[in-house]
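Coordinate inspection notes
Here's the letter readout for the chains.
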Amino acid sequence: MILQQFFNAISLGSMYALIAIGYTMVYGVLRLINFAHGDIMMVGAFFAFIFFSLSSNFFLAVLLAIVAASVVGALTYKVAYKPLLDKNAPKISLLITAIGVSFFLENLFNMIFGGTPQAFNYPPFFDQTIEISHAIITYSSIVTIVITIFVLCIVLWFLNRTKYGMAIKAIAFDIDTVKLMGINVDFLIVLVFVIGSMLASLGGIFYAISYPSIDPLMGVLVGLKAFAAAVLGGIGSVLGAAIGGFILGFSEVFIVAFFPDLAGYKDAIAFVFLIFILLFRPTGIMGIDFEKQRF
Amino acid sequence: MKKTILTLGISALISTNLLAKDIKIGVVMPLTGAIAGYGQMTKKGIDLAHEMQPTLNNKDKIVLVYVDNAGDKAQTANAVNRLISKDKVVAIIGALTSSNSLVVAPIIKKYHTPTVAPVATNKRVTYANPYMNRACFIDPFQGKVAAKFAVDNLHAKTAVVIIDKSQAYSAGLAKNFIKDYKKRGGKVLKVLFITSGDKDFKAILSSIKAANPDIVYAPLYAPEMALILKQAKTLGIHKQFLAGDGVSDLKTLTGVAKDASNNLMYSDHFNEAAAPTKLSKQFVAKYHQKYNNEQVPSFAANGADSYFIIVNAMNKCKNPADKECVAKNITKTKKLEGVTGYITIPKSGNPTKSAVINQVQDSKAVYKATVNP
Amino acid sequence: MSKYFIRLALISAAVMILLYISMQYLDSYTVMILENLGIFIILAVSYNLINGVTGQFSLEPNGFVAIGAYVTALLLLDKNAKLDQFMLSDPSDFILAIHSSFVPALLISGIVASLVAFMLAFAVFRVRGDYLAIVTLGFGFIIRIFAVNQSEYTNGSMGLSGISNEANLMWIGVFVLISITVVLNIVYSKFGRAMKAIRDDEDAAEAIGVDVFKIKTYAFMTSAFFEGVGGGLMASLLTTISPEQFSFMLTFELLIIIVLGGLGSISGSILGTIIVIAGMEWLRFLDEPNFFSDTAHPGLRMVVFSVILILIMLFARKGILGNKELWDIVKVKK
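Residues numbered from 1 in each chain as written. Chains lettered and ligands numbered in written order. Predicted model: local features only at pLDDT ≥ 70, side-chain atom pairs only at ≥ 80, totals over all residues. Heavy atoms only, no water.

**Some thoughts on the overall build of chain A**
This is how it is decided: Secondary structure counts use DSSP, requiring at least four H or I residues in a row for a helix and at least two E residues in a row for a strand, with both numbered from the N terminus. Radius of gyration here uses only the C-alpha atoms, and the compact-globule reference equals 2.2 Å multiplied by the residue count raised to the power 0.38. Burial classes: relative accessible area under 20% of the type maximum marks a residue as buried, over 50% as exposed, and values in between as partly exposed (1.4 Å probe, protein chains only). Should any heavy atoms of two residues lie within 4.5 Å, those residues are counted as being in contact. Only the protein chains shown count as cover for residues, with accessible areas throughout obtained via the Shrake-Rupley method and a probe of 1.4 Å. Asp and Glu are treated as the negative residues and Lys and Arg as the positive ones, with His and the ends of the chain left uncounted. For the purpose of locating charges, the reference atoms are NZ of Lys, CZ of Arg, CG of Asp and CD of Glu.
Of the regular secondary structure elements, chain A holds 11 helices and four strands. The globule rule puts the C-alpha radius of gyration for 295 residues at 19 Å, and the 19 Å found for chain A is close to it. Burial statistics for chain A: of 295 residues in total, 61% are counted as buried. Pairs at least 24 residues apart make up 75% of the contacts formed inside chain A by residues separated by at least 6 positions. Total accessible area on chain A stands at roughly 11,300 Å², and carbon and sulfur atoms take up 71% of it. One way to put it: in chain A the 14 positive side-chain charges average out to a point 12 Å from where the 14 negative ones average out.

Below is the structure:
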């Protein structure tokens, strides 16, 4: 039984981790909590749904969906956030705009698809299971976990070992100096949004495979919890976001498993973590202090 | 001479049509939002009924005025007020869920507007309200139906009950089932809770596996039921699930659960295979014609019956726009030939209806039995 | 001072007479819209106090409105109504015992919301800016989850119905007048100046001796009080409440209203309320077949709304009145 829950937890944690990384990267470079990020997860799932109903190649549909979601993510930056950043608008305006973008995406998809959950179709491959001493594990869980770890490694490698990655870390440290050095900051920020959106939409697709019922509001709660995970792990740290995601996944699964009466409070766990961390250790687990380190 | 007759004839036709009034019936339904699927199903039934009977016996034309409440209470209140004071409707069909119908009830009572709720099953909806009625059975009955079926037909000695604590419908139905099931000698091993919007049910499914009941009674809505069935299949849990009319949105249910939904049994208002009246059979045939041979959902049947109940009451009134007369005549409805059966509505506003038990097979509702009150 | 009171009395009397006439002669649909307007004005004006005037970006009015609504509902329902309704678990004895009439219920709702705000202030004001927003958002969520799960207090997601409908246009008018008067008095007092000082530069305010925490908490509690009263009025108006009504959507609506009207401007909030609430009803036509298209596009209305919000933020960030009041602008024009 414990083994079963363990795999559920890692699977759920992976999805939170994927989405949390996007939040943390955007916050790192822009000091902005991108409320609309959770909705990118929803957008990714819906695009996959659309593309898979058009072409019977699931892999291709997923790829196209990730690309499309990245475009949407980059667009939200270009159209909604950049103009305000250029005008040096107060933070509150950016936050309100982010909320506006979030609502726009949710209602747009609500208008196109209706609010009733859609059945998400995927190849039966993912439904197959293997059994390890009474724990039944679906192929989809395994794929989720493996790809998440793989992607995490790539992102960390990118940030620490490539020129662009270093530049992004520099922006998070001191954006003005970087601009003064003649580096195309705008391009790099777009890159951050693209990477974040790719990860979020991938997370959304994994979520849709595990729980094949998608609706325009599916990203709201998951997004908020992923944000809590990012804060828990240390906002600004990619590794922290991943760790936070897994901790949240484990907490949700095991608290419900050991205290079934608390099942209704499952969603509150993320917020409790969030509030505690912000009150007592705002820099989170990885303890990133923005004056000293990054990512 | 011919010309005069022609002109006289045409003017007679025109004047009778001009004299024929428009009688408005308002409809409050969730046409957008999470439960839009149910609202759209009901709308199809109402529209078809309107096609079948677009005018009253005195040639007055019936006009349907739809207002979307998006499943929200405040919008429901606004919608009802708008229909009564701006559109000046004579009667109202709505709302869909019990929660929203509870909002409708006091308002239509205040403004003396006869109303029929198509599928709201919570018993409080028609309390102490001579203007509020419904076209369906109530939860105490539906719970009993399930308990009776579980004991008599499924021979289930033990059951586990799953309740969606965020839906009045689910809790009401479950409570009634448990009461009646225990009376019939059944044993409820466990009561488990979920919340609408939950996606992961592996924890409660493990509980069910451990308890090993004969059946699982889960009066839930389609989205949650679908995920539970799917995950049950993945975990290798093969138990008989029994549900209520909330899962009748088969498109959503089977779309998500696919073949995991087979063998699910549920109580419902109607199955086209057991069309009880001549009107039913007509309705079913027309529905197939209009909607591409799609199976008739029970909500559509109830929507149609709501329409027929109101029209029947209007026809009995000298002035069909007289709201008091229509309201009184609705509660005098006796053995009206409807789609779901012969409908009689007493003063309480609650008709005595039979329930059917359907079983899901390959995305279709297969008729299993009728349970009479 | 007496000139002020005379002016106040005259305006109040004029408003009440107008409302009385409206109730008698306008149709129920318009009256309902006016009642909604009234409640939202109370909510917007008080939300503006903490967000616009004190500059603390709080995202939890939905929590306080929920508290107010539930307290009023539980106080207005009598014992039998409760025993009848509570479905998932039997109501606790405390819940069964409490009962009161309309006005005391509203006042108690406000006080309870205020007390909750007081307790939360210790946690919430330890952080600033975006983190404050997130923490308040979190508390708003937790309050709602609490309402859904503690069914022996709140009847869970079933909500409560059969609440007596005593909130009519006159009563709502009374509370609108009270809330606007109180908030205006605060804003134009030394407390208000301190709040604005905190908004403009918190560290400087602290440096010149403003007790920042006390002032913020004061604003937070006052805000919560009226949000609670507004919630109670809402419960009595709709006669039935349930947790979904108090979701983040409510906070979002209030946010649009105060941003549109101008953060920090009371008259702006009133204007914003009228535009948004009346506008939402008017924009309904977008959802139905209309001039622009032949088929219905349900949901278009909300899409347009979000676009409008984004456009306001991009081009008219300060809202209609900025942080000035209507009378400041009119005076200047003279």
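**Quick notes on the environment of B:Asp322**
Residue and element names in this part refer to chain B. As a reminder, the rule being used: Here a polar contact is taken to be a pair of N or O atoms separated by no more than 3.5 Å, where protein atoms must pair a possible hydrogen donor with a possible acceptor and residues adjacent in sequence count only if both atoms sit in side chains.
Position of Asp322 among the secondary structure elements: in the loop between α11 (298–315) and α12 (323–330). Classification of Asp322 by relative accessible area gives partly exposed; the value is 32%. Once the C-alpha coordinates of Asp322 and Asn78 are considered, the two residues, 244 residues apart in sequence, prove to be 23 Å apart. Of note is the side chain of Asp322, whose polar atom sits 3.2 Å from the backbone nitrogen of Glu324.

**Some remarks on a nonpolar patch on the surface**
Our working rule: Patch membership requires more than 30% relative accessible area and the absence of a salt bridge. Residues of like charge join within 9 Å; the nonpolar side chains Val, Leu, Ile, Met, Phe, Trp and Tyr join within 5 Å. Should a side-chain nitrogen of Lys or Arg be within 4 Å of a carboxyl oxygen of Asp or Glu, the pair is scored as a salt bridge.
Taken together, the side chains of A:Met1, A:Ile2, A:Phe258, A:Phe259 and A:Leu262 make up a nonpolar region of the molecular surface, amounting to roughly 550 Å² of accessible area. Within the secondary structure, A:Phe259 sits in the loop between α10 (238–258) and α11 (266–280).

**Some remarks on the state of the cysteines**
Linking two cysteines covalently through their sulfur atoms gives a disulfide. All names here are of chain B. Put simply, the rule reads: Note on disulfides: each one is a pair of cysteine sulfur atoms within 2.5 Å.
Considering all chains together, one arrives at one disulfide over all chains under this definition. The disulfide that involves Cys317 links it to Cys325, with 1.9 Å between the sulfurs. Here the disulfide of Cys317 and Cys325 is left-handed, its torsion about the S-S bond being about -105°. By relative accessible area, Cys317 is classed as buried at 7%.

**Here we look at the interface of chain B and chain C**
Heads up, the rule is: Throughout, the accessible surface (probe 1.4 Å) given up by two parts as they are put together, summed over both, is called the buried area.
The partner chain C presents 29 residues to the 30 residues of chain B that form the contact. Of the roughly 2,500 Å² buried between chain B and chain C on both sides combined, carbon and sulfur atoms contribute 54%. Together, B:Lys73, B:Asn78 and B:Lys165 form the three largest contributors to the area buried by chain B at its contact with chain C, with a combined 24%. Along the contact surface separating chain B from chain C lie zero salt bridges.

**With respect to the interface of chain A and chain C**
Size of an interface, as often reported, equals the accessible area lost when the parts are brought together. Stated formally: In this count, Pro and Cys sit with the nonpolar residues alongside Ala, Val, Leu, Ile, Met, Phe, Trp and Tyr, while Asp, Glu, Lys and Arg are called charged and the others, Gly among them, polar.
Every contact between the two is made by 40 residues of chain A and, on the other side, 38 residues of chain C. For the pair chain A and chain C, the two sides together bury roughly 3,500 Å², of which 80% comes from carbon and sulfur. One can count zero salt bridges joining chain A with chain C. At the junction of chain A and chain C, the tally comes to two residue pairs in polar contact (both at pLDDT 80 or more). Elements represented by at least two residues in the side of chain A that touches chain C include exactly α3 (58–86), α4 (91–113), α9 (218–233) and α11 of chain A. For the side of chain A that touches chain C, the leading source of residues is α4(A), giving 14 residues. Split by residue class, the side of chain A that touches chain C holds 31 nonpolar, five polar and four charged.

**Thoughts on unusual backbone geometry**
Residue and element names in this part refer to chain B. Geometrically, the link from Gly94 to Ala95 is a cis peptide bond, its omega value of -15° lying close to zero. Within the chain, His112 stands out as a residue other than glycine whose phi angle is a positive 50°. One can find His112 in the loop between α4 (98–110) and β4 (115–117). Overall, His112 belongs to the partly exposed group, its relative accessible area being 34%. Positive phi is not limited to glycine here, since Asn293 has a value of about 60°. Its place among the elements puts Asn293 in the loop between α10 (278–290) and α11. The exposure class assigned to Asn293 is exposed, which follows from its relative accessible area of 59%.

**A closer look at the sheet that holds strand β5 (residues 132–134) of chain B**
Residue and element names in this part refer to chain B. Condition: We call two strands paired when DSSP finds no fewer than two bridges between them. Between N-to-C directions, angles cover 0 to 180 degrees, with each direction set by a line fitted to C-alpha atoms, over the stretch in contact for helices.
With parallel pairing, five strands are arranged side by side in an open sheet as β2-β1-β3-β4-β5. Only two strands of the sheet have a single partner each, and these edge strands are β2 (61–68) and β5. When the angles between neighbouring strand axes are averaged without regard to direction, this sheet yields 25°. Relative to β4, strand β3 (residues 91–93) runs parallel, the two sharing two bridges. Along β4, the bridge assignment pairs Ile92 with Thr115. In the packing of helix α3 (residues 73–86) onto the sheet, contacts are made with β1 (22–29), β2 and β3, and the angle to β1 comes to roughly 180°. Packed onto the sheet, α11 meets β1, β2, β3 and β4 and runs at close to 165° relative to β3.

**Observations concerning a positive patch on the surface**
Judged by side-chain charge, B:Lys316, B:Lys328, B:Lys332, B:Lys334, B:Lys335 and B:Lys347 come together as a positively charged surface patch. Mapped onto the elements of the fold, B:Lys316 is located in the loop between α11 and α12.

**Thoughts on the pairing of strand β2 (residues 129–132) of chain A**
In this structure, β2(A) lies alongside strand β3 (residues 135–138) of chain A, joined through four bridges in antiparallel fashion. By the bridge assignment for β3(A), A:Ile132 is matched with A:Ala135.

**Regarding the confidence of the model for chain A**
Low-confidence regions, as indicated by low pLDDT, have predicted coordinates that should not be scrutinised in detail. Test applied: Across the chain, each position has a pLDDT score giving the predictor's confidence in that residue, from 0 to 100.
Overall, the predicted model of chain A reaches an average pLDDT of 87, with 97% of residues at or above 70. Low confidence marks residues 291–295 of chain A, where pLDDT is under 50. Its contacts with residues over four positions away, or in another chain, come to 22 contacts.

**Some details on the pairing of strand β6 (residues 158–164) of chain B**
All names here are of chain B. Stated formally: Convention used here: a crossover is right-handed provided that the path from the first strand, over the helix, to the second strand proceeds clockwise when the strands point away from the viewer.
When you tally the buried positions in β6, you get seven out of seven residues, the bulk of the element. Here β6 shows no split at all, with Thr158, Val160, Ile162 and Asp164 on one side and Ala159, Val161 and Ile163 on the other all buried. Pairing of β6 with strand β7 (residues 187–194) involves seven bridges; the strand directions are parallel. Paired with Thr158 across the strands is Lys187, a residue of β7. Taken together, β6, helix α6 (residues 168–183) and β7 form a β-α-β motif whose crossover is right-handed.

**Examining the sheet that holds β6(B)**
Residue and element names in this part refer to chain B. The seven strands lie next to each other as β7-β6-β8-β9-β10-β13-β14, forming an open sheet whose pairing is mixed. Looking at strand neighbours, the two that pair on one side only are β7 and β14 (364–371), the edges of this open sheet. Averaged over neighbouring strand pairs, the angle between their axes works out to 25° when direction is ignored. Bridging between strand β10 (residues 265–268) and strand β13 (residues 355–361) involves four bridges; their strand directions are antiparallel. Within β13, the residue paired with Ser267 across the bridge is Ile357.

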